Structure formats: C-alpha cells, structure tokens
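Architecture at a glance
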Amino acid sequence: MSGADVVAEEKKAKVLLNEIVAKHYQDAWDAKKRGEKVGWCASNFPQEIFETMDIKVVYPENQAAAIAAKGGGERLCTEAENYGYSNDICAYARISLAYANVKDAPELNMPQPDFVLCCNNICNCMIKWYENLAKELNIPMILIDVPYNDEYNAEEDRVEYLKGQFDYAIKQLEEITGKKFDQKKFKEVMDISQRTGRAWLEATGYSRFTPSPYNGFDLFNHMAVAVCARGKLESALAFEKLADEYEQNVKEKKSTFRGKEEYRVMFEGIACWPHLRHTFTQLKDAGVNVVGTVYADAFGYIYSNTNELMKAYCGTPNAISYERSLDMRLKVIRENNCDGALIHINRSCKQWSGIMYQMERDIREKTGIPTATFDGDQADPRNFSEAQYDTRVQGLIEVMAANKEAKKNA
C-alpha cells in the first residue's frame with residue numbers, strides 16, 4: 001500500500017465526503033475550461049443518465065443552500081425580487097435566478113450552464129424556474145415529467161410514460177454534448193448508485209440505536225454527496241466508511257452528538273439553512289437529538305433494474321400520495337423511538353409543507369408523541385423568528401419531559 005493510500009485510509013468519512021463535494025465543483029469548472037458542455041440539474045433528476053455519459057452538471061439547489069448557510073440568501077433573494085420575481089416563490093429559485101444574472105457569489109460560485117436538466121418530481125415550481133433559466137440564458141432545457149402519483153405505489157403505466165422521456169433525454173444530451181450513451185456503462189453506474197444508496201441508508205439507519213451514534217444535523221451536511229455524486233465509486237466508499245464509523249460508535253456507546261441525549265425527535269422538512277446554527281444549538285443545549293428525517297433518506301434510491309429505477313424516481317417525497325407520505329413519517333418515528341416531532345413549515349416549499357398541518361394531527365393521533373411546528377424558510381432568512389422557534393422548541397421539550405416522567409411513574 002502506498003503512502004497516499006494509507007493517508008486516504010486514515011481519513012474520516014466526513015473529510016472524504018467534503019472532498020467529494022469540492023471535487024464535484026472543480027470537475028465542472030475543469031470541464032468548462034476544456035470547452036465541454038456543463039449543465040445545471042434538478043436534485044432528483046435521474047443522475048444515472050449523465051453519469052453514464054460523463055457529462056458534468058452542478059446543482060442550483062445545493063448552491064442555494066450553501067449560499068444561504070453562509071449568509072448570502074437574503075442578498076440574492078432581494079436581487080431576484082428587484083427583477084420582479086415575487087418573494088412568495090421558492091427561495092432556491094430566487095437565489096438561482098439571481099445568480100444566473102449576477103454570475104458571482106462569494107459564498108459559492110459554479111460554472112454557468114450550457115443546458116438545464118429539470119425533473120418535476122420535486123414540484124412544478126421547478127419547471128417554471130428552469131424554463132426561465134433556459135429563456136434568459138438562451139440555452140436548451142431537458143425535462144423529465146414525473147406526474148404526481150395519487151396511488152400508493154408507482155405502477156407500470158408510470159414506467160411506460162417515463163421510458164420515452166428517458167430515451168428522448170438521452171438523445172437530446174447526445175446532440176448537445178456530442179457524447180454517446182453506453183448501455184454497459186449505464187449498468188455499471190446503476191450498480192454503483194445502488195451501492196451508494198444502500199450505504200447511505202445503512203448509515204442513517206444507525207439512529208435506531210439509543211443513544212444515536214451521530215448528531216442528526218450531520219445528515220444535512222453529508223447528504224450533499226447523495227445528491228450530486230451517487231453514481232461515483234468514491235461516494236459509495238465514503239458512505240460505507242460512514243456506516244462503519246457509526247457502527248463502531250454504537251459498539252463503544254459513542255456519538256458525534258455532543259451532550260447527553262435526553263430526547264429523540266424527528267425533524268420534518270428541509271433544513272432552515274440560514275439559521276442552521278441556531279436551530280441546532282437550541283436543540284443540542286437541551287439534550288435533544290434529531291434521530292430521523294425523511295428529507296435525508298429521500299436520496300437513497302433503491303432499485304434492481306431500469307424499470308425499478310423509474311419507479312424509484314416516482315417515489316420522491318413530494319411526488320407520492322398523502323397516505324404513503326404519512327406512512328414514511330410513522331416508520332421513521334417508530335423505528336427510531338422518537339419522543340417527539342419538530343416540523344418546519346417552510347414558506348419556500350409549499351408542496352412539502354402544505355400537507356403538514358394534517359400530517360401533524362395524524363402523527364399525534366397514531367403515535368401519541370407530541371409535535372411542534374415552527375415557521376421558517378430553506379434559504380430566505382427573513383421568514384424565520386428565533387423567538388418563535390425557541391418558544392416552540394421549549395414547549396415541545398416540556399411535553400416530552402412530562403411524558404417521560406409519567407412513564408417512569410407508571
């Protein structure tokens with residue numbers, strides 16, 4: 001084993017994951033400098049397609065989250081609003097549309113696109129966002145339309161509808177980039193993507209142990225790799241290492257959560273990136289650890305063939321029936337022995353948050369755990385109140401504490 005291999009072996013998983021994200025952006029910049037076509041891509045677009053063709057893409061959602069977490073969200077949201085975009089639309093979209101115009105953000109820059117890849121299994125706002133990018137930048141847009149599925153599972157009619165779109169998207173990418181699609185490579189990429197997805201879900205699944213071997217907010221940082229590099233072998237290896245580290249923590253009764261785990265909660269929704277430190281600190285200081293979230297697990301796509309791949313992309317949290325959405329939350333709560341649920345009512349993501357009022361009632365009724373909601377935003381800091389958040393969290397803690405005391409005295 002070479003010295004470089006020894007160093008790589010000694011690196012912690014989080015270091016490897018950070019390096020993968022940094023390389024992801026650098027590879028895109030390098031491809032752009034070589035004259036290759038580089039795209040902007042929706043987070044739940046089937047990455048197996050462009051990974052097979054060695055086409056470099058970057059993700060506006062990831063960039064917007066990073067910009068917001070580093071304090072630039074309000075600046076770029078305001079920039080978009082000055083162009084005439086309503087402050088009622090998704091803050092990720094506003095940040096992205098502003099960045100496409102100003103072309104510079106000190107928090108995180110990425111190459112301008114030669115085409116955009118859109119998939120509306122997240123929301124239909126995504127279509128208008130990417131249509132505007134394509135129109136304003138005069139570049140092609142490739143769309144894979146995944147209709148909302150009001151049945152519990154995606155059936156063969158969905159697969160038949162998607163097959164033609166996959167084929168057409170591949171044809172469009174071949175014409176735009178000059179690169180050819182290879183079926184054998186596609187199978188290899190799917191195998192790697194499965195290895196990555198399983199390792200990611202194995203790692204997140206260790207929160208079922210008490211205490212959890214990790215701080216739940218870690219997942220919000222680690223999941224960037226699950227979004228942007230699922231089809232790369234280094235991602236599979238890094239997530240496998242992460243799972244091994246969590247397994248070792250379980251054996252040694254250790255955790256990356258700093259403090260005593262007094263309460264275990266499910267965090268519902270997208271992270272409040274501009275106020276990540278505050279939302280985390282208030283929980284940590286009270287001994288509250290996040291041990292479950294649908295948001296992070298959503299990027300662990302599991303399938304065994306192309307048909308199942310298409311069904312998997314029909315199963316993103318915003319594209320499925322309310323009944324299946326509820327069952328996903330109930331499963332997280334029960335498997336991870338949650339004492340309560342903290343629900344982010346996210347102004348930017350109406351598709352996600354619109355059902356949360358009924359979801360909250362059903363969670364309380366079916367599990368008996370207390371819940372609390374707080375108003376916020378995934379990227380616009382103006383839609384969050386520290387005072388409201390603190391009050392809601394304190395109320396949740398008081399009910400969880402009373403429930404624990406009641407169980408102890410029963």
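Up top is the structure these notes are about.
Residues numbered from 1 in each chain as written. Predicted model: local features only at pLDDT ≥ 70, side-chain atom pairs only at ≥ 80, totals over all residues. Heavy atoms only, no water.

Overview of the packing of helix α6 (residues 91-102) against helix α7 (residues 125-137)
Rule in force here: With axes taken as lines fitted to C-alpha atoms, and helix axes fitted only over the stretch in contact, angles between N-to-C directions fall between 0 and 180 degrees. Each helix is a run of DSSP H or I of at least 4 residues and each strand a run of E of at least 2, with the numbering of both proceeding from the N terminus. If an angle is under 35 degrees, it is roughly parallel; if it is over 145, roughly antiparallel; if it lies from 65 to 115, roughly perpendicular; otherwise it is oblique. Any two residues whose heavy atoms approach within 4.5 Å are treated as being in contact.
Where α6 meets α7, the closest approach of the two axes is 10 Å, and the angle between their N-to-C directions is 5°. Classified by the angle between their axes, α6 and α7 sit roughly parallel to one another. Across the interface between the two elements, Tyr-92, Ala-93, Ser-96, Leu-97 and Ala-100 from α6 touch Trp-129, Asn-132, Leu-133 and Leu-137 from α7.

Examining the pairing of strand β7 (residues 340-346)
Where we set the bar: For every residue, the accessible area (1.4 Å probe, protein chains only) is compared with the maximum for its type, and the residue is labelled buried under 20%, exposed over 50%, or partly exposed between those bounds. Two strands qualify as a pair provided DSSP detects at least 2 bridges between them.
A large share of β7 lies buried, amounting to seven of its seven residues. Pairing between strand β5 (residues 263-268) and β7: four bridges, direction parallel. Each bridged residue has a counterpart across the sheet, and for Val-265 the counterpart in β7 is Gly-340. Strand direction decides the pairing type here: β7 and strand β8 (residues 371-376), joined by six bridges, are parallel. Across the sheet, residue Leu-342 finds its bridge partner in β8, namely Ala-372.

Digging into helix α15 (residues 322-335)
Applicable threshold: Expected helix span is taken as 1.5 Å per residue step, with the number of steps being one fewer than the number of residues. Here, the arc refers to the directions that run from the helix axis to the C-beta atoms.
The terminal C-alpha atoms of α15 lie 20 Å apart, and with 14 residues this matches the ideal 20 Å at 1.5 Å per residue to within 8%. Regarding α15, the residues found buried are Tyr-322, Ser-325, Leu-326, Arg-329, Leu-330, Val-332 and Ile-333. The buried residues of α15 occupy an angular sector of 160° when projected down its axis, which confines them to one face. Here the buried face of α15 lies against β5, β6 (288-292), α13 (294-297), α16 (350-353) and α17 (356-367). One or two steps after α15, the chain reaches Asn-337, where phi turns positive at roughly 50°.

Re helix α5 (residues 73-82)
Taken as a whole, α5 has its buried residues at Gly-73, Leu-76, Cys-77, Ala-80 and Glu-81. One side of α5 holds all its buried residues, which, seen down the axis, span an arc of 145°. Close packing links the buried residues of α5 with α4 (60-69) and α6. Directly after α5, the chain includes Gly-84, whose backbone phi takes a positive value near 115°.

A word on unusual backbone geometry
For the bond running from Thr-210 to Pro-211, omega is -5°, close enough to zero to count as cis. You can see Pro-211 is positioned in the loop between α9 (183-205) and α10 (218-228). Positive phi values are uncommon outside glycine, yet Asp-54 reaches one of about 55°. You can call Asp-54 partly exposed: its relative accessible area is 40%. Even without glycine at this site, Lys-253 takes up a positive phi of about 60°. Mapping Lys-253 onto the fold places it in the loop between α11 (233-252) and β5.

Overview of the sheet that holds β8
Judged by pairing direction, the sheet is parallel, and its four strands sit side by side in the order β6-β5-β7-β8 without closing on themselves. The two strands at the open ends of the sheet, each matched to only one other strand, are β6 and β8. Neighbour-to-neighbour, the strand axes of the sheet open up by a mean angle of 35°, direction not taken into account.

Brief notes about the packing of aromatic side chains
This is how it is decided: Think of it this way: a Phe, Tyr or Trp ring, Trp meaning its six-membered ring, pairs with another when their centres are within 6.5 Å, and the plane angle makes it stacked under 30 degrees, edge-to-face over 60, tilted otherwise.
Tallying each qualifying case throughout the model produces 19 aromatic pairs. With a centroid separation of 6.1 Å and an interplanar angle of 45°, the aromatic rings of Phe-220 and Tyr-295 are classed as tilted. Pair noted here: Phe-220 is in helix α10 and Tyr-295 is in helix α13, with a separation of 75 residues, a long-range link. Comparing Phe-220 with Tyr-295, the two get one shared label, buried.

Details of the pairing of β6
We apply this condition: Handedness rule for crossovers: strands pointing away from the viewer, path from the first strand over the helix to the second running clockwise, crossover right-handed.
For β6, the tally of buried residues reaches five of five residues, placing the bulk of the element in the interior. Taken together, β5, helix α12 (residues 276-285) and β6 constitute a β-α-β crossover, and its handedness is right-handed.

Remarks on the state of the cysteines
Note: disulfide means a covalent bond formed between the sulfur atoms of two cysteine side chains. The condition is simple: Note on disulfides: each one is a pair of cysteine sulfur atoms within 2.5 Å.
Overall, the coordinates contain zero disulfides when judged by the stated rule. There is no disulfide at Cys-118, and the cysteine sulfur nearest it, in Cys-119, is 7.1 Å away. Given a relative accessible area of 0%, Cys-118 falls into the buried group.

Examining the nonpolar core
Basically, it comes down to this: In these notes, a set of buried Ala, Val, Leu, Ile, Met, Phe, Trp, Tyr and Cys residues joined through side-chain atoms within 4.5 Å is what counts as a nonpolar core.
Core analysis: the largest hydrophobic core is formed by 137 residues, its most contacted members being Tyr-92, Leu-117, Ile-144, Phe-220, Trp-273 and Leu-342. When residues of this core are assigned to their parent elements, the largest contribution, eight residues, is made by α6. Beyond its immediate chain neighbours, meaning those up to four positions away, Tyr-92 contacts Glu-61, Ala-64, Ala-65, Trp-129, Ile-270, Trp-273, Tyr-295, Gln-378 and Ala-379.

Concerning the sheet that holds strand β3 (residues 115-119)
Here we have four strands laid out as an open sheet, ordered β2-β1-β3-β4, and parallel in their pairing. Both outer strands of the open sheet, β2 (57-58) and β4 (141-144), are each paired with one neighbouring strand and no more. Both strand β1 (residues 39-41) and β3 contribute to a ladder of three bridges, which runs parallel. In the strand pairing of β3, Gly-39 is matched with Phe-115. In the packing of helix α8 (residues 156-177) onto the sheet, the strands contacted are β3 and β4, and the crossing angle to β4 comes to about 165°.

So, the environment of Ala-22
The residue Ala-22 is located in helix α2 (residues 13-33) in this model. A relative accessible area of 47% means that Ala-22 is categorised as partly exposed. In this structure the C-alpha to C-alpha distance between Ala-22 and Gly-259, which are 237 residues apart in sequence, comes to 30 Å.

Describing the side chain of Gln-194
Looking at the secondary structure, you find Gln-194 in helix α9. Looking at Gln-194, the relative accessible area reads 4%, which means it is buried. If sequence neighbours within four positions are ignored, Gln-194 has contacts with Tyr-301, Ile-302 and Tyr-303.

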